[in-house]
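Summary of the model geometry
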Amino acid sequence: MTIPAYKNPALTVSERIEDLLGRMTLKEKAGQLNQWFNLGPEHYDMVRKGEIGSDLLAGSPTAGNSPQERIFARRYNEVQKIAVTESRLGIPLIFGRDVIHGYRTVAPIPLGMAAAWSPELVQAANTIAAREARADGVHWAFSPMLDIARDPRWGRVAEGFGEDPFLAGKLAAAAVRGFQGNDQDAIPERFPVDRVVACAKHFVGYGAAEGGRDYNTTEITRQTLHNVYLATFKAAIQSGCGTVMSAFHDIGGIPLSAHRYLLTEVLKEQWGFGGFVVSDWGAVWELTNHGIAADAGHAAELGCGAGVDMDMCSMVYLNNLPDLVQSGKFSEERLDDAVRRVLRIKFALGLFESPYVDADASHAVHLLPESLAVMRRLAADSMVLLKNNGVLPLRADHLTICLGGPLADRRKELFGCWTIDGRDEEVTTLKEAITGRLGAETRLHHYELVDDAVKLARASDVMILAIGESEGRSGEDNCTTTIDLPAGQEALVESARRMAIPIVAVVFGGRPLNLTRVMDWADAVLFAWHPGITGGLGVTDILFGDVNPSGRLPITFPRSTGQIPLYYNHRSTGRPLPRNSRRHSRYIDALDSPLFPFGFGLSYTTFTYGNLCATADPQIPEIVVTAQVTNTGDRAGTTVAQCYVRDVVASVARPVRELKGFERVFLEAGQSKTILFRLGPQEVSYLDDNGHEVLEPGRFQVWVGGDSNADLGADFEITPDGRWGVIDKGE
Ligand code: GLC
């Protein structure tokens, strides 16, 4: 018996898709665009009828807040078997899951990953996540989350790569390659069998929610949309990302899941995206809540018409599209386009040839020592040393340590938000990690657990206070009105200060926190984010100097909630911020500057930047900027050299500076290295309201240094006839 063409792997994917499409009924087509969650026996009949195309492996719309939801590979093989052997066409289901920062070997939260400024480590971490997830039967990770965020009250700031589109764009590309295993810039014809298809989310501008309140309205100009919020998604698509998730919110009254300009004109037509768009949970049906759809049928028409290909968990497409097409109210051509996009990814994942998973495969892939080592390195490199008066690094022997604070011996708190496959019992707590690190003649006392703690603390050499947020204070639907530390923690640090021993504050968190007073009272402050399964070990590696801290802030730390939004790549305004004049954009009751600027971080050694030199070849549209970075301390270390550019005069006001290059630089004590940044049209142009590149003549400034306050600079120009030249070559 000849097999139908769509089941013949010898044919091209396009041939197989067209053959299959030609066999499908309207209901079966809508079924491929219908995702439901945690499929069980009660859904098997719909699966048999081809009315469900995807299984979302999550128990609730806020899976990230639901503790320890498990994957059951055998159960998913069972429902897959029904789809493949008991439905008319045997189209396999695609299984999707939130694999946000690691899977079983839980990585630091993405905001923490970003603080390592290492695309290599982000790719490595997501490669591990992909292999562990695929071994469990997951085909599709709803990750990376690429929402630029400038408001740390928003709980989901934890899930993204921070405030800067350039840094976040580089990490977006690395994350996609880690998940998908592709090295070319297109959706793979066939994904490696141990990888998953990635999902750039939440398209687009979700982080601009007013008031930092999740799901809230946004007002984003086209200029800001193209130059800030779309940049990370463009980087992901240009790296071959196979799917995109449309967001819940509206921009200026148009909900993203009905935003034809962004979903079709920009994403699919302008950028050439060939994968598929899935809505966020129920977002198509929510068009009725937004007040732009009169009913579910209208929502289906608007959502699919705008470019949402698959409906996540509202059944709106399944229940309405067939009739809409039948009645001529909706184009079957558009329906077919959506189905083609979904089938393309299913074929590329090899699901028609290998729909099932070996339910025992995960044991050979999960929690490998080399995976734990990668996450431990990433955790340590993500941590940002904010203050150190010399108390760090600690010696590991002949020392009495008093360990206190609410997070000193906690497990799931170190996971952070959106951890649904990590297991608490597999986390090394900070107390366990320090205990394991201590050498001879060393005592560790857990402050809360001993009598007469004050007397004991006074007898100690150093107090380590583990403070900050639990995992439940960030992530989806976990927004706060303040970025102050949780109640009582400042008082804890202040009371510890009265014991007249050095204090090391280790701060865990999913967002920038107001550390203004902690900075006054502690001798050292290490911001550890939510560092994942090896987080306690990563902190210990830093505290005892096994790793020299190299983390740099991927997001501005305000002095107070009142300063929000506060970000480095802001526009000048007509009254920019010199510190010495009134009537400029400021507050009368606070300093203008942030507590810590974007890109900031300390080391156990020191670095200087000098000898900046900008050169140009009139024949080439490029400025080459070099600078010398020197390790002026007494131990080896890594710094992150950063290059910022300003377009001084343009047709629209441009930011006072923008990151356009960075490089992690390792230097032995006393060593110097010349670093080089190339600035071409891509680095000095901007996008107009239609997303087209604009390169205008005029003067530009460039700076190189260790954070966004870098002041080692040079000026260059592009003449009206297009020649690139240096005006002031720098110091
Ligand atoms: C949630 C989140 C999204 C997640 C999806 C599936 O509501 O907004 O990030 O991927 O639903 O769990």
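Residues numbered from 1 in each chain as written. Predicted model: local features only at pLDDT ≥ 70, side-chain atom pairs only at ≥ 80, totals over all residues. Heavy atoms only, no water.

**Describing the site of the ligand**
Keep this limit in mind: For this purpose, a residue is taken to be near a molecule or strand whenever a single non-hydrogen atom of the residue falls within 4 Å of it. Identification of polar contacts relies on pairs of N or O atoms within 3.5 Å, with a donor-acceptor requirement for protein atoms, meaning one able to donate a hydrogen and the other able to accept it, and with residues adjacent in sequence counted only if both atoms are side-chain atoms. The method behind every accessible area is Shrake-Rupley, applied with a 1.4 Å probe, and residues are considered shielded solely by the protein chains displayed. Residues were grouped as follows: Ala, Val, Leu, Ile, Met, Phe, Trp, Tyr, Cys and Pro as nonpolar; Asp, Glu, Lys and Arg as charged; and all remaining residues, including Gly, as polar.
The environment of the ligand is formed by 14 residues, the closest being D98, R156, K201, H202 and D280. Within the contact set of the ligand, an oxygen atom lies 2.8 Å away from a backbone nitrogen or oxygen of P61. The separation between an oxygen atom of the ligand and a polar side-chain atom of E476 is 3.2 Å. With the chains in place, 100% of the 310 Å² that the ligand exposes on its own is no longer accessible. Of the residues contributing to the shell around the ligand, the split by class is eight nonpolar, one polar and five charged.

**Comments concerning the pattern of salt bridges**
Charged atoms that come close allow side chains of opposite charge to pair. Applicable threshold: By definition, a salt bridge exists where a carboxyl oxygen of Asp or Glu is found within 4 Å of a side-chain nitrogen of Lys or Arg. Helix and strand definitions follow DSSP, with helices as H or I runs of at least four residues and strands as E runs of at least two, each counted in order from the N terminus.
A complete count under the given rule lists 37 salt bridges for this structure. The salt bridge involving D45 is made with K49; its shortest N-O contact spans 3.5 Å. E663 is paired through a salt bridge with K673; the nearest N and O atoms lie 2.9 Å apart. Pair noted here: E663 is in strand β20 (residues 658–667) and K673 is in strand β21 (residues 672–679), with a separation of 10 residues, a long-range link. Residues participating in the shared-partner salt-bridge network are K268, D309, R334, D337 and R341.

**Looking at the layout of surface pockets**
What counts, and what does not: Here a cavity denotes grid points, spaced 1 Å and computed from the protein atoms alone, that fit a 1.4 Å probe unable to get out, and a pocket denotes an open set having protein on both sides within 12 Å along at least 5 of 7 lines; residues with an atom within 4 Å of a point are the lining. Grid points are joined across faces, edges and corners, and a volume is the space filled by probe spheres set on the points.
Estimates place the volume of the second largest pocket at around 750 Å³. Along the wall of the second largest pocket there are 28 residues; nearest its centre are F166, A231, K234, K660 and Q682. For the lining of the second largest pocket, the elements supplying multiple residues, two or more each, are α7 (165–180), α8 (222–229), α9 (231–237), β20, α22 (681–684) and β22 (686–687). For the lining of the second largest pocket, the element with the highest residue contribution is α7, accounting for six residues.

**Some thoughts on the sheet that holds strand β3 (residues 94–97)**
The condition that has to hold: For two strands to count as paired, DSSP must find a minimum of two bridges between them.
On the basis of which strands lie adjacent, the open sheet formed by five strands has the order β4-β3-β2-β1-β10 and parallel pairing. Edge positions in the sheet fall to β4 (140–141) and β10 (311–312), since each of these pairs with one other strand and no more. The sheet contact formed by strand β1 (residues 34–37) and strand β2 (residues 54–56) spans three bridges and is parallel. When the sheet's bridge partners are listed, F37 is paired in β2 with L56.

**Quick look at the packing of aromatic side chains**
The test is simple: Note on aromatic contacts: the rings of Phe and Tyr and the six-membered ring of Trp form a pair at centre separations within 6.5 Å, being stacked when their planes are under 30 degrees apart, edge-to-face when over 60 apart, and tilted otherwise. The rule is simple: take the accessible area with a 1.4 Å probe, protein chains only, and divide by the maximum for that residue type; under 20% is buried, over 50% is exposed, in between is partly exposed. A positively charged side chain is recorded as over a ring if its NZ (Lys) or CZ (Arg) lies within 6 Å of the ring centre. The angle to the ring normal must also be within 35 degrees.
Counted under the stated rule, the structure contains 23 aromatic pairs. Note on F527 and W529: the rings are 4.8 Å apart at their centroids and 80° apart in plane angle, and the pair reads as edge-to-face. Taken as a pair, F527 and W529 share a single burial class, namely buried. An aromatic cluster of three or more residues is present, and its members are W117, F166, Y568, F598, Y644 and F662. The lysine or arginine in question, K201, covers the ring of W418, its NZ or CZ lying 5.3 Å from the ring centre. Over the face of the ring belonging to W703 we find R657, whose NZ or CZ atom lies 3.9 Å from the ring centre.

**Notes on the sheet that holds strand β6 (residues 243–246)**
Quick reminder of the rule: Whenever a helix is involved, its axis is fitted only over the stretch in contact; in every case the axis is a line through C-alpha atoms, and angles between N-to-C directions fall within 0 to 180 degrees.
Spatially, the three strands line up as an open sheet ordered β5-β6-β9, and their pairing is parallel. Strands at the two margins of the open sheet, each flanked by one partner only, are β5 (199–203) and β9 (276–279). Taken pair by pair, the neighbouring strands of this sheet meet at an average axis angle of 25°, ignoring direction. For β6 and β9, the ladder comprises four bridges, and the chain directions are parallel. The partner of V244 across the bridge, within β9, is V277.

**Description of the packing of helix α6 (residues 119–135) against helix α15 (residues 369–382)**
Selection rule: Working rule for handedness: look at the near helix, and if it is turned counterclockwise from the far one by less than a right angle, call the crossing left-handed; if clockwise, right-handed. Contacts were defined at the residue level, with two residues in contact if any of their heavy atoms lie within 4.5 Å.
α15 packs onto α6 with a crossing angle of 140° between their chain directions and a minimal axis gap of 10 Å. Where α6 crosses over α15, the handedness of that crossing is left-handed. The segment α6 lies against α15, with L121, A124, A125 and I128 engaging S371, V374, M375, R377, L378 and D381. Class assignment for the residues of the contact of α6 with α15 results in seven nonpolar, one polar and two charged.

**Re the nonpolar core**
When a protein is soluble and globular, its nonpolar side chains tend to lie buried together. Note the cut-off: For this analysis, a nonpolar core means a set of buried residues of the types Ala, Val, Leu, Ile, Met, Phe, Trp, Tyr and Cys, connected via side-chain atoms within 4.5 Å.
Of all hydrophobic cores here, the largest spans 182 residues; its most connected members are F203, L262, L321, L386, L515 and W529. Among the elements that make up this core, the one with the highest residue count is α7 (nine residues). With near-sequence residues (within four places) excluded, L321 lies in contact with A30, L33, A300, C304, V316, F330 and L335. Ranked by size, the runner-up nonpolar core spans 36 residues in total, among them L392, L403, A524 and I533.

**Structural notes on α15**
Each α-helix winds once per 3.6 residues, and so residues spaced three or four apart point in a common direction. Under the convention used in this document: To estimate the expected span of a helix, count its residues, drop one, and scale the result by 1.5 Å.
The end-to-end C-alpha distance of α15, which contains 14 residues, comes to 20 Å, matching closely the 20 Å that a straight helix rising 1.5 Å per residue would cover. Residues of α15 that are buried include every one of S371, M375, L378, A379, A380, D381 and S382, and no others. Close packing links the buried residues of α15 with α5 (110–114), α6, β11 (384–388), α21 (535–543) and β20.

**Side note on the domain arrangement of the protein chain**
When the parts of a complex come together, some accessible area is lost, and that lost area is often used as the size of the interface. Here is the rule we go by: A domain assignment, automatic or from a database, supplies the domain bounds used here. When two parts are put together, the accessible area they lose, computed with a 1.4 Å probe and summed over both, is reported as buried area.
Entries for the protein chain in the domain assignment read domain 1 (25–362), domain 2 (381–563) and domain 3 (607–728). Put simply, the middle of domain 1 and the middle of domain 3, counted by C-alpha atoms, are 36 Å apart. Each side of the interface is counted separately: domain 1 has 15 residues, and domain 3 has 17 residues. Broken down residue by residue, the surface that domain 1 buries against domain 3 is led by W117, F166 and Q223, which jointly contribute 47%. Summed over the shared surface of domain 1 and domain 3, the number is zero salt bridges. At the boundary of domain 1 and domain 3, one finds 10 residue pairs in polar contact (both at pLDDT 80 or more). When contributions to the side of domain 1 that touches domain 3 are tallied by element, the ones reaching two or more residues are α7, α8 and α10 (260–270). Tallied by class, residues from the side of domain 1 that touches domain 3 come to six nonpolar, five polar and four charged.

**A short note on helix α13 (residues 316–326)**
The buried count for α13 comes to eight of 11 residues, which makes it a mostly enclosed element. Among the residues of α13, V316, Y317, L318, N320, L321, P322, L324 and V325 are the ones counted as buried. On the buried face of α13, the contacting elements are α2 (26–32), β1, α3 (44–48), α12 (296–306), β10 and α14 (332–348). Following α13 by one or two positions, G328 adopts a phi angle in the positive range, close to 80°.

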